[in-house]
4 protein chains.
Amino acid sequence: MNDLAAQPLAGEPAARVLVAGANGFTGALAAKIVWDHPRLQLVAATSRSDAGKRLDALYPRYRVPVELTELDLDRVEGIDAAIVAYPHGAAAPTDAALREQGILVVDLSADFRLRDLETYERWYGEHGAPQLFGQGVYGLSELYREELREAKLVATPGCYPTASVLGLAPLAEKGLLADVSISAMQGTSGYGRSSDDLVHFSAMTENAFPYKTEGHRHRPEIEQELAALGSPAPVAFVPHLVPLDQGELATCFARLTEPTSKEAVQALYRERYAGEPFVHVLDRPPNLSALRDTNECHVYVTVEEHGGVMAFSAIDNIWKGASSQGVQNLNLMLGLDETEGLL
Amino acid sequence: MNDLAAQPLAGEPAARVLVAGANGFTGALAAKIVWDHPRLQLVAATSRSDAGKRLDALYPRYRVPVELTELDLDRVEGIDAAIVAYPHGAAAPTDAALREQGILVVDLSADFRLRDLETYERWYGEHGAPQLFGQGVYGLSELYREELREAKLVATPGCYPTASVLGLAPLAEKGLLADVSISAMQGTSGYGRSSDDLVHFSAMTENAFPYKTEGHRHRPEIEQELAALGSPAPVAFVPHLVPLDQGELATCFARLTEPTSKEAVQALYRERYAGEPFVHVLDRPPNLSALRDTNECHVYVTVEEHGGVMAFSAIDNIWKGASSQGVQNLNLMLGLDETEGLL
Amino acid sequence: MNDLAAQPLAGEPAARVLVAGANGFTGALAAKIVWDHPRLQLVAATSRSDAGKRLDALYPRYRVPVELTELDLDRVEGIDAAIVAYPHGAAAPTDAALREQGILVVDLSADFRLRDLETYERWYGEHGAPQLFGQGVYGLSELYREELREAKLVATPGCYPTASVLGLAPLAEKGLLADVSISAMQGTSGYGRSSDDLVHFSAMTENAFPYKTEGHRHRPEIEQELAALGSPAPVAFVPHLVPLDQGELATCFARLTEPTSKEAVQALYRERYAGEPFVHVLDRPPNLSALRDTNECHVYVTVEEHGGVMAFSAIDNIWKGASSQGVQNLNLMLGLDETEGLL
Amino acid sequence: MNDLAAQPLAGEPAARVLVAGANGFTGALAAKIVWDHPRLQLVAATSRSDAGKRLDALYPRYRVPVELTELDLDRVEGIDAAIVAYPHGAAAPTDAALREQGILVVDLSADFRLRDLETYERWYGEHGAPQLFGQGVYGLSELYREELREAKLVATPGCYPTASVLGLAPLAEKGLLADVSISAMQGTSGYGRSSDDLVHFSAMTENAFPYKTEGHRHRPEIEQELAALGSPAPVAFVPHLVPLDQGELATCFARLTEPTSKEAVQALYRERYAGEPFVHVLDRPPNLSALRDTNECHVYVTVEEHGGVMAFSAIDNIWKGASSQGVQNLNLMLGLDETEGLL
C-alpha cells in the first residue's frame, strides 16, 4: 500500500489507525477523515467483499488512494486504534479481538450503545461479545467527554440519537422534559450502501415516506440517554426517508414539566452549548445544506403558543451521526484536541 | 379563444367555469382539471400579470391550449361557476363580486376558511369582504359533503389542514384526541410559483428545513376543524420544506383520551373511510410518489408502544391540497358525481 | 386473479394480453398501460422472481391490482397477444414459443431489432432463437406503420434509437445527413430496476456522467435505421445518465449534404410529421418534464451559424422509448386506432 | 467588520483583496475562497442590493462571517487586488476604475474575454471600458500561465470555454481538430442567483433541456481559444440545463485531421497535462460528483470506431468555471504557488 506514503501528516502520528469495513458509507468516510487528519495515520482500510479495490475508485470524491485489504485478526500489527464500521452483531466479536490486542476501538455499530442486555437482544438479537457488554463508553462526545478521555472501547451513537439527544439535552438535564415526540428525517446515505429497490434513484426522487413506524431501534437508545440526563420520559419516535443524500433533522415536540418562557429556554440552550466547538445554537431554524460534510450539530429551540417546546436538531447523518463523531471520540481517547482533523 | 373548441366534453356541460388566477400553480392546475373534466367547460382562464400568454406555454405538461385573459368583473358573462385562485386577501372582494352575479364560487384561498374573524385578522390581516365572512362552507369534501351540496361559496381548505384533519378525523369525531403534535413536510410547489431564493433549485437540492416555527396560519384552521369534529385540543404544528415538487405528509402524534389498542384504532379508521372514494386507509405507511397527481389521501395509523397514536396522512399538496379538492367541491355543488373528472 | 374483474374495459376486448417480465420497469409499465387500455384485457402479468407479489405493491402508482404469476409456456391459454419484457437473450426463446402457439408478440428487448446477425452477436452474444432472426418488424411505429399492421412479431426499438431516429428521420429520408454525432441523456429508469451502486440515490443526486463511451449497442441500431431511410452515415453516439427518473433527450449534430436554410429544414420537419399523433415538432427546444408519462416525441431542429444541423428529440424513455410504443405497435397489429389507450 | 479579525491567515497576507459583487453565486464563492486562503486577506465583500446583510446569512455553508458593504470607488483604500463578479457590461467600468488606482483586477465577467471588439459587441452589446479592451489576459491558467504572472487585468474564462478548451487543447495545439461539435450540460448554479421560473425547484426537478440553441455567446470564445492554440475550426455548441446544482460536462465530438489511434490520443493527453496540478486525465469517463467543490478539471478522451474523437471534460462550473479559477489566476499574478488555497 505504498500510496499511503502520500498521506499528508504533520510530523509523527499520534496513532496508527485501522478502519475495518471501509467499503460501506460510514467506513469509507471514516477512512477519508483519518487520511486527511494531521495526527492520525491510516495504516489499513479493510473490506471482505471489496478487497483488492481502491477506495478512490469506490468513492472518488474522498480521494483516498488506498487499496482495500482483507482483515486478518490473527495478524494485526502496528496498529494503535481501530474504527470498526461493521453491521450490528458482526462488530462485537471483532471489537473483542482487537481489544484483546490492546487496540483502542471506536465502534460505529449499535453493539455497545445500549446498557441493558435484554433491550439489546430485543432489538438486535444475540450479542456477539457478551463478555464486553456494558463496557463501552457512549460516544456522544458532548455528553461523555470525560469518560471518553479514559475509554478503550467506544460505542458511537446512532445518528437519530445523536441529533435527538443533542436537541433535547439542555432540557433533559434540568428534568424539564415530558411527553417527548420526535419526527425525524434523513437522506439515503443513512440507508447504507446496500443496494435496494427502496433507494434506487427512480424510487426516491419525488418521494418521501415514514418507515419503521411500528418501532425503530434508535428509540430505546434515545430514551436511555434522556433518562441518563435526568428526564426518564417515554419517547414516541418515527423516522422518514427524504430525497437527499446526506443530512438529518430531528423535529422534537415535548411538554415542559414547568412553564418556561421561550426566552428562558433559548437562553438555557445558548448557555449549555456555549463552549462546544461543534454544537451551534441558532437563532433561526436549521438548514441541512448548511452543515453537509461537517461534524456540526445545529440546534434551534422555541416554545409554541400552547406552551410546548419544539426543538430542531440537524446533523450530517454520516458525519456527526457516524464517522466524524467516531473520530471526535478517537481524538478524545488519544488526548488530542477534540477538533483535530474535524474543522 | 377558439382553441377552446377542442375541449373534450361529453355532451352538454353541467357548468361553464371561469378560473381566476390561472397563472399560479394552483390556478393552472384547476384550469387543467376543468379542461379535462367531461362535464365542465373552461370558459376563461384569467391572469393579470400573464394575460396574453398561453397556458400551455407556461405549463406545457398540462396541455391546456388556452390564452390567459384579464378578468373584468364588470363584464362577466356566460359563467356559472368560478374557481378563484388568488392570494389571501385579494380573493374575497372578487368572490363577493362574482357571488353578486349569482356565480357559484370555489375559493382556493384562506379568505373564508376560518370561522372567527379575529383569528382571521390576526393571521391574515384585514378581510376583503367582511359582509361575506362566515358564509363560506369549509370545503373538506369528506367532512362537509351535505353542506357542500347546497353551498354557493366554498372555502377550499389549506393543504396542511386537509392532510392533518383527514389523518385525525376518525379519532377527533370520537373525542379521543389530546395533545396533538403535527410535523408536516411539503414539496416546493406548495411554496407557489413566486420566484424566491428559497426555492431556487440550487438552494433546495440536498436541503430540507422547518419553517414558520413561530406559528403557521394553518394551525388555527386545524384546531378549528378538530374542535368542530369533537376534539377541541390545542395543536402543536410545524411544517418543513423538502426537495421534491408535489407531495405532502402530515405526521401526527397524539395522546388518546382513553387507552385504545392498535387494532381498534385501525378498525376505526377503516370503518370511517370505508365508503370514501378518495381516502385510502393503508395497512402500511404511505409513500408520496404513489399519489402524485391524484385527489387521493393515503392514511396510515398505528399505536406506539407507550400508548400514543401516530397517524400519517399523505396528499398531493396542489391536488387534494388545493385544486382537485376545489373541483371535488364544485362537483358536489353542481349535483354531479363527486368523482367526476377526478379519477 | 379475481381482481382483474375490475379492469375498466369498454365492451368486448380486442385482445387478451399477457405481459411477461412484468416486475421490471418496462414490463410493469406495459401491464399498467394494458390495464388502463379500453380494448385490451390484461390476462396475466408474469415474473419468475416476484411471482406471488401484487403489482400494485411493487409499483403503487400504477394501481394495477394484479398478482404476478410464473409463466408456464406449456400452459399458455386464452391469450391473443404478449408483450415480452425480458432481458436481451432471454426474450427470443420465449418469443419463439409464444409465436408457435399463434400468439402475437411485441418484444421490448433487443433480440429482433438488428437485421444483421453478425452485428447482433457482436453486441449481444449468441441469439436465443436464430430461426426467427430477421422476422421481426422494427417497431418504430411512425416509420414502419404499414408493416406493423401485418406483423406477428415486433421488435420495439431501443429508447436511444427511438429518440435519435425520430429526431433525424426527415433529413435521413432526403439523404441530407452526413457526419452524425449524437450526445444523449437519460434518467435512471433507463438503467432498469436492477439495484446497483450506480443508481443508488446517494450516487446519482448531484451527479451526471457519460457511459459506454467505448461503444453502446444502440449505435448500430441507429445506423441501421438511418441507412434504411436513405442516409447510410456513420454515427458517433454517447449516452449520459442524469439525475432524473424518466426522460431522454437526443442532441444530434450533423452536416447537411447540401446547404439548407433553417427555415427549409424546419418546414421539412413540420411537413414530415404533420399527421403524426405522437410526434410534435416544436418551435422551441423541448423540455423533458413536458412529456413525462406520455407516448410523445418532441422534436426541435435548427441550423447553426456554420451550416450544421442540430436536432433535439425528447421522449419518456420507458414510455415512447419502450412500453407505450410497444402498445402503439400492438394497436397497429390488432387493427385498432393507433392512439387507443395512449392519449 | 470586526469579524474579519477571525480570518485564519498564515502570517502576513500576500494581498489585501476586495470581492465586488459578493452577493451572487460566483462572487460569494470567491469571497469564501479568499477567506479560507492562507495568504489572501479578505478586506471587503461588496454588494449594492444586499449591503448590510452578512455573507454567512446569505450563504450559510460558506461560513464567511463578513457583512456586505457598498462599494464606493472613490474611497477604495488599502486594497491590492480585486475580484470583480459583476454582470457583463457592468464589470468593465469598475475594472477600469480599480486599475486606475493600481489595483490588480481579476474579472469573472465576459468583458475582457474576447479579443475582437466587434464580436464582443455582437454578443454582449456596447463595451463598458473600450479603452481597456484587449488588455486583459485570458485567465485559463493552464494555457496562459506565463502571461498571467505578469498580468494586471485578467479575464476569467466562461465556464463552458474552460471545460471545452481544456478538453480539446492537446489536440488543438497539434492542429489535429476539425468539425468540432460540443454538447454541454450544467447545473442550476450556472444560471446564477437571479430568481426565475426556470430554476424554481418545481420546474427543474425531473427536467432537463437544451437552451440557447440559436447561438450561445460562449461559442465565439471557444472558437477564439481553439484557433489561438492552432486549430481554427468552426464549432457547433449547445448547452443544456440538468437538475443538479454544481457541475458541468462538455461532451466534445471532433474529426481528427489525420488518423490517430486511441492509444496515441490518450498518450497525448496524459503527456500534455502531466505536470498540471488541477487537470486530471482519467482512464474512464468523468463523474460530476467526484469534483464538486474543487478547482479540478477531469478529462477523458477516446477515439470511436469510425475514427472520430470524443473528449469529455468535467468541472465544477462555479469553481474551476469561475471563482476558484479566478483565485488560481490571482495566485499567479501575485507570484504565489498556483495551488495556494485551492487544494
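Relevant structure appears above.
All of these numbers come straight from a predicted model, not from anything done at the bench.

Colleague: Lay out the environment of Leu143(C) with the relevant residues and their values.
Modeller: Residue and element names in this part refer to chain C. Here Leu143 is to be found in the loop between strand 5 (137-138) and helix 5 (145-150). Distance in space between the C-alpha atoms of Leu143 and Glu12 is 30 Å, their sequence separation being 131 residues. Contact partners of Leu143, with chain neighbours within four places excluded, come to Val165, Ala169, Glu173, Leu229 and Arg272.

Colleague: Just give me the short version of the packing of aromatic side chains, but keep the residues and values in it.
Modeller: By the definition in use, this model includes 32 aromatic pairs over all chains. Plain terms: the ring middles of Tyr120(A) and Phe133(A) are 6.0 Å apart, the flat faces sit at 70 degrees to each other, and that makes the pair edge-to-face. Here the residue Tyr120(A) occupies a position in helix 4 (residues 117-124), and Phe133(A) occupies one in the loop between helix 4 and strand 5 (137-138), the gap between them amounting to 13 residues. The class for Tyr120(A) is buried, based on a relative accessible area of 0%. Among the residues examined, Phe133(A) registers a relative accessible area of 14% and is labelled buried. Residues Tyr59(D) and Tyr62(D) carry aromatic rings whose centres are separated by 5.7 Å and whose planes lie at 10 degrees to one another, so their mutual orientation is stacked. For the pair Tyr59(D) and Tyr62(D), one class covers both residues: buried. Grouped by ring-pair contacts, the aromatic residues Phe25(A), Tyr59(A) and Tyr62(A) constitute a single cluster.

Colleague: How would you summarise the packing of helix 6 (residues 159-173) of chain A against helix 8 (residues 218-229) of chain A if you had to cite specific residues and measurements?
Modeller: When two helices pack together, you describe them by how their axes are tilted relative to each other and by the distance separating the axes. All names here are of chain A. Packing of helix 6 against helix 8 brings their axes to within 9 Å, and their N-to-C directions diverge by 25 degrees. When the axes of helix 6 and helix 8 are compared, the pair comes out roughly parallel. The hand of the helix 6/helix 8 crossing is right-handed. Residue-level inspection shows Cys159, Tyr160, Pro161, Ser164, Val165, Leu168, Ala169, Ala172 and Glu173 of helix 6 in contact with helix 8, the latter providing His218, Glu221, Ile222, Glu225, Leu226 and Leu229. A breakdown of the residues in the contact of helix 6 with helix 8 according to their chemical character gives 10 nonpolar, 2 polar and 3 charged.

Colleague: Explain the interface of chain B and chain D residue by residue, including any values.
Modeller: The interface of chain B with chain D comprises 18 residues on the first partner and 17 residues on the second. Seen at the junction of chain B and chain D, the total is 2 salt bridges. For the salt bridge of Asp197(D) with Arg193(B), the shortest nitrogen-to-oxygen distance reads 2.8 Å. Applying the counting criterion to the chain B and chain D interface returns 12 residue pairs in polar contact (both at pLDDT 80 or more). By residue number, the principal contributor to the side of chain B that touches chain D is helix 7 (residues 201-204) of chain B, which donates 3 residues.

Rules of the game
- Residues numbered from 1 in each chain as written.
- Chains lettered and ligands numbered in written order.
- Predicted model: local features only at pLDDT ≥ 70, side-chain atom pairs only at ≥ 80, totals over all residues.
- Heavy atoms only, no water.
- Helix = DSSP H or I, 4+ residues; strand = E, 2+ residues; numbered from the N terminus.
- Contact = heavy atoms within 4.5 Å.
- Phe/Tyr/Trp six-rings, centres within 6.5 Å; stacked < 30°, edge-to-face > 60°.
- Buried < 20%, exposed > 50% of the residue type's maximum accessible area, 1.4 Å probe, protein only.
- Axes fitted to C-alpha atoms, helices over the stretch in contact; angles between N-to-C directions.
- Parallel < 35°, antiparallel > 145°, perpendicular 65-115°, else oblique.
- Left-handed = near helix turned anticlockwise from the far one by under 90°.
- Nonpolar A, V, L, I, M, F, W, Y, C, P; charged D, E, K, R; others polar.
- Salt bridge = Lys/Arg side-chain N within 4 Å of Asp/Glu carboxyl O.
- Polar contact = N/O pair within 3.5 Å; in protein donor to acceptor, adjacent residues only side chain to side chain.

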